[in-house]
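Next come the chains, spelled out residue by residue.
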Amino acid sequence: MDIIAHGVYNIALQRTIKKDKKTRKEILTAFWWGIMPDLLAFGIPFISAIFVGSLNHHQNIGGFDLASTVYPYTHSLVIFSLVFLAIYAVRRKWYLPMLGWGFHVLLDIPFHTPEFYPTPFLFPLSSYTLPFGISWGTPVVWIAIWVVVLLWLGILYKQRNNKSL
Ligand SMILES: [Zn+2]
């Protein structure tokens, strides 16, 4: 899914979980956890590509494709769950904004084709990925993804306004 949509989906999710008004910091934190899996997988190679002077972020550095190496780690429900539980164990309190990471992976599973970064959600236990999927980049799908999240935010906004009347 497009990276900005991922961020906005987690803002909607966080608002749904806790209905109170969000501060700017909370909104930015939700956005960060929504985009983090792609930002780390593609951002690090992208920045290094700028230094190398090539804008192809699927570059190989000494035969090492950074994006495909990082991608399974940030797109695994297994790794997400372990980190989420580890943080709970330390804080003794759920760190809910991080649910955006798991939500990102769940949304990527159906919206990637097997040909383009299928989601290895069971990594490192299994390299299984769905044998089918519809690309988020297909115009009608891309529009539908945005319509759904904007409607979702609209409903939340309306609920909050109704309550404050
Ligand atoms: Zn992703």
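Residues numbered from 1 in each chain as written. Predicted model: local features only at pLDDT ≥ 70, side-chain atom pairs only at ≥ 80, totals over all residues.

Brief notes about the overall build of the protein
In step 1: Helices and strands together make up the secondary structure of the protein, namely 6 helices and 2 strands.
In step 2: When the helices and strands of the protein are read in sequence order from the N terminus, they spell out α-α-β-β-α-α-α-α.
In step 3: The C-alpha extent of the protein, read off along each of the three principal axes, is 60 × 45 × 35 Å.
In step 4: Long-range pairs, those at least 24 residues apart, make up 59% of the contacts in the protein between residues at least 6 apart in sequence. (Helix = DSSP H or I, 4+ residues; strand = E, 2+ residues; numbered from the N terminus. Contact = placed C-beta atoms within 7 Å.)

Here's the deal with the packing of helix H1 (residues 3-17) against helix H2 (residues 24-52)
In step 1: H2 packs onto H1 with a crossing angle of 140° between their chain directions and a minimal axis gap of 7 Å. As judged from the angle between their axes, H1 and H2 are oblique. The crossing of H1 and H2 is right-handed. Along its contact with H1, which presents Ile3, His6, Gly7, Tyr9, Asn10, Ile11 and Gln14, the element H2 presents Ile27, Ala30, Phe31, Trp33, Gly34, Ile35, Asp38 and Leu39.
In step 2: Within the contact of H1 with H2, the residues separate by chemical class into 9 nonpolar, 5 polar and 1 charged. (Axes fitted to C-alpha atoms, helices over the stretch in contact; angles between N-to-C directions. Parallel < 35°, antiparallel > 145°, perpendicular 65-115°, else oblique. Left-handed = near helix turned anticlockwise from the far one by under 90°. Nonpolar A, V, L, I, M, F, W, Y, C, P; charged D, E, K, R; others polar.)

Here's the deal with the environment of proline 114
In step 1: One can find proline 114 in the loop between helix H5 (99-108) and helix H6 (139-164).
In step 2: A residue is classified by how many C-beta atoms lie within 10 Å of it, and proline 114, with 11 of them, is exposed.
In step 3: C-alpha separation for the pair proline 114 and proline 131, spaced 17 residues apart in sequence, amounts to 5.9 Å.
In step 4: Aside from chain neighbours lying at most four places away, what touches proline 114 is Thr129, Pro131, Phe132 and Gly133. (Buried ≥ 20, exposed ≤ 12 C-beta atoms within 10 Å, placed from the backbone.)

What to know about helix H4 (residues 77-91)
In step 1: With 15 residues, H4 should reach 21 Å at 1.5 Å per residue; the first-to-last C-alpha distance of 21 Å fits that figure.
In step 2: Following H4 by one or two positions, arginine 92 has its phi on the positive side, about 60°. (Expected span 1.5 Å × (residues − 1).)

Observations concerning the nonpolar core
In step 1: Counting residues in each nonpolar core, the largest one holds 18 residues, and the members touching the most others are Val8, Tyr9, Ile11, Ala12, Trp33 and Trp101.
In step 2: If near-sequence neighbours (up to four positions away) are discounted, tyrosine 9 is found in contact with Gly34, Phe103, Leu107 and Val149. (Core = buried A, V, L, I, M, F, W, Y, C linked by C-beta atoms within 7 Å.)

Remarks on unusual backbone geometry
In step 1: A cis amide bond, omega 0°, links phenylalanine 123 with the succeeding residue proline 124.
In step 2: Position of proline 124 relative to the elements: it lies in the loop between H5 and H6.
In step 3: Within the chain, tyrosine 117 stands out as a residue other than glycine whose phi angle is a positive 45°.
In step 4: With respect to the helices and strands, the residue tyrosine 117 is situated in the loop between H5 and H6.

Let's talk about the packing of H4 against H5
In step 1: Orientation of H4 relative to H5, taken along the N-to-C sense of each, is 170°, at an axis distance of 10 Å. Compared by their axis directions, H4 and H5 come out roughly antiparallel. Contacts between H4 and H5 involve Leu77, Phe80 and Phe84 from the former and Trp101, Gly102 and Val105 from the latter.
In step 2: Across the contact of H4 with H5, the residue classes tally to 5 nonpolar, 1 polar and no charged.

Re the environment of leucine 85
In step 1: Along the chain, the position of leucine 85 falls in helix H4.
In step 2: When the 11 C-beta atoms within 10 Å are taken as the criterion, leucine 85 is described as exposed.
In step 3: Along the sequence, leucine 85 and alanine 12 sit 73 residues apart, while their C-alpha atoms lie 23 Å from each other.

Any link to function would need more than the numbers given here.
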